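# Summary of structural features
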Amino acid sequence: MKQMMQWVLAATLVCGANMLTSCENDDNYIVPTPDEPVVLNCEKPDYLKEGDKVALISPSYFTPMENVEKTADILRGWGLEPVIGPNVGKVVDGKYAGTVAERVSDIRWALSDPDIKAIICNRGGYGTIQLIDQLTLADLKASPKWLVGFSDISTLHGLLTRAGVMSIHGTMSSFLAKGGTDETSTLMRDLLLGKVPRYELPAHKQSITGTATGTLVGGNICTFAPNLGTQADATMGKDLILFVEEVEESMHNIDRQMHILQMNGVLERCRGIILGEFTDCGKEFTYESVEAMLHEMLKDYEIPVLCGFPAGHGDVNLPLVMGASVTIDVRADGATLQFNIDGEQQQVNTADITVPTTPAAVRMRLAGKME
């Protein structure tokens, strides 16, 4: 009995030490990744035409039906036919837009209906990580169609990129419902209809000059970084242009997520990086900004870093084609971002875009960061 008690005590001490080490060294979180990068070769879905059906679904948090109906009216005004998902409007556990099964069911419904040509997500928040193992890449590839969303929808962008289908990081019903006439909304509409933006951006003092071409991946970093090693992990690819944005997060948590990417070899696979909006993020360090902090981390990689791209949770959220080949040219006097896909080219000078300011509390609620 005495010997058995000694074994139990020893096992308890080892387990306790391992747990303590794990908690104290959370920056050492390394996910096993393939020896060879995944090949990303994405197909562009067909652009929309007048009369096409567009599904409105809620894969994450719920959206008030009033916003969904307003978005449906806006789509009708664009000459499109909105179709609201069967489970949209449901609320589970006070936040989710239905059970996991119901949210997956709406995604499968929208993908499998041949008359539906595009999918717009109603809201982000949280919940798409629960869907990763419920969907197959074959399901997503079977009928390529545009999916639009951002924030928590970054998980779905990763899944689609891994499946070989381009998608649009862009505005959703919770923002479209404001009117749909701002340039964030109209540029997303134009992209769906075949007008491809070519962005011209002003100079940013934290940018790093250079030119690079690669596959655009990423999104909201606290959404896609936890997906490392899963089938939603598009950062497993090579020759990446990594896009990163965040809202209402501390500097140290953004630094943590970037180090997780670094330790898993993601930054080594990048040909360039685009830093989007870091809306209402912390300032607990003495860095001037999140961009300044990341500049210090990225400057030795000898790749271009385009800072200040207006996409994410800010008042301007310009559409990006995830999974597409893109070229960034970062210069001392400004930068360009070009999508290497077919379509009518549309020049967009981001410095000319202005919109009314959204209260911080509204942005935080839509992002699921506060009640």
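First, a word on scope: everything that follows refers to the structure included in this document. (Residues numbered from 1 in each chain as written. Predicted model: local features only at pLDDT ≥ 70, side-chain atom pairs only at ≥ 80, totals over all residues. Heavy atoms only, no water.)

## Describing helix α10 (residues 290-298)
Burial of α10 is extensive: eight of the nine residues sit out of reach of the surface. The set of residues buried in α10 consists of Val290, Glu291, Ala292, Met293, Leu294, His295, Met297 and Leu298. As for α10, its buried residues are in contact with α9 (251-263), β9 (270-279) and β10 (305-307). (Buried < 20%, exposed > 50% of the residue type's maximum accessible area, 1.4 Å probe, protein only. Helix = DSSP H or I, 4+ residues; strand = E, 2+ residues; numbered from the N terminus. Contact = heavy atoms within 4.5 Å.)

## Description of the packing of α9 against α10
Where α9 meets α10, the closest approach of the two axes is 11 Å, and the angle between their N-to-C directions is 25 degrees. By the criterion of interaxial angle, the relationship of α9 to α10 is roughly parallel. Handedness of the α9/α10 crossing: right-handed. Between α9, through Met251, Ile254, Asp255, Met258, His259 and Gln262, and α10, the contact on the second element is made entirely by Val290, Met293, Leu294, Met297 and Leu298. Its residues assigned to classes, the contact of α9 with α10 shows eight nonpolar, two polar and one charged. (Axes fitted to C-alpha atoms, helices over the stretch in contact; angles between N-to-C directions. Parallel < 35°, antiparallel > 145°, perpendicular 65-115°, else oblique. Left-handed = near helix turned anticlockwise from the far one by under 90°. Nonpolar A, V, L, I, M, F, W, Y, C, P; charged D, E, K, R; others polar.)

## With respect to the sheet that holds strand β11 (residues 320-322)
An order of β2-β1-β3-β4-β5-β11 is seen for the six strands of this open sheet, with the pairing classed as mixed. At either end of the open sheet lies a strand with only one pairing partner, and these are β2 (81-84) and β11. Across the sheet, the mean angle from the axis of one strand to that of its neighbour is 25 degrees, orientation sign disregarded. (Pairing = 2+ DSSP bridges.)

## Points about the packing of aromatic side chains
Under the criterion given, the structure shown has seven aromatic pairs. Seen in terms of ring centroids, tyrosine 47 and tryptophan 146 are 6.0 Å apart; in terms of plane orientation they differ by 20 degrees. Their pairing is stacked. Of this pair, tyrosine 47 sits in the loop between α1 (2-24) and β1 (53-57) while tryptophan 146 sits in strand β4 (residues 146-149), placing them 99 residues apart in sequence. When the ring of tyrosine 96 is compared with that of tyrosine 126, the centres are 6.3 Å apart and the planes differ by 45 degrees; the resulting orientation is tilted. Here tyrosine 96, found in the loop between β2 and α3 (100-112), pairs with tyrosine 126, found in the loop between β3 (116-121) and α4 (137-142); they are 30 residues apart in sequence, far enough to count as distant. Note on tyrosine 126: relative accessible area 37%, which makes it partly exposed. (Phe/Tyr/Trp six-rings, centres within 6.5 Å; stacked < 30°, edge-to-face > 60°.)

## Things to note about the nonpolar core
Ranked by size, the top nonpolar core spans 49 residues in total, and within it Tyr199, Leu216, Ile274, Phe309, Leu320, Leu337 and Phe339 carry the most contacts. Residue contacts for leucine 320: discarding those within four places in its chain leaves Ser167, Ile168, His169, Tyr199, Leu216, Phe243, Phe309, Ala311, Leu337 and Phe339. Judged by nonpolar contacts, the second largest core, of 31 residues, contains Leu240, Ile254, Met258 and Cys270. (Core = buried A, V, L, I, M, F, W, Y, C linked by side-chain atoms within 4.5 Å.)

## Some thoughts on the sheet that holds strand β6 (residues 195-201)
Strand pairing in a sheet relies on backbone hydrogen bonds, with the paired strands running either antiparallel or parallel. Here eight strands make up an open sheet; going across it, the order is β10-β9-β8-β7-β12-β13-β6-β14 and the pairing mixed. Two strands close off the open sheet at either side, each with one partner strand: β10 and β14 (344-349). With direction set aside, neighbouring strand axes in the sheet form an average angle of 25 degrees. Summarising the sheet, strand β8 (residues 240-247) and β9 pair through seven bridges and their orientation is parallel. Bridge assignment links valine 247 to a residue of β9, and that residue is threonine 279.

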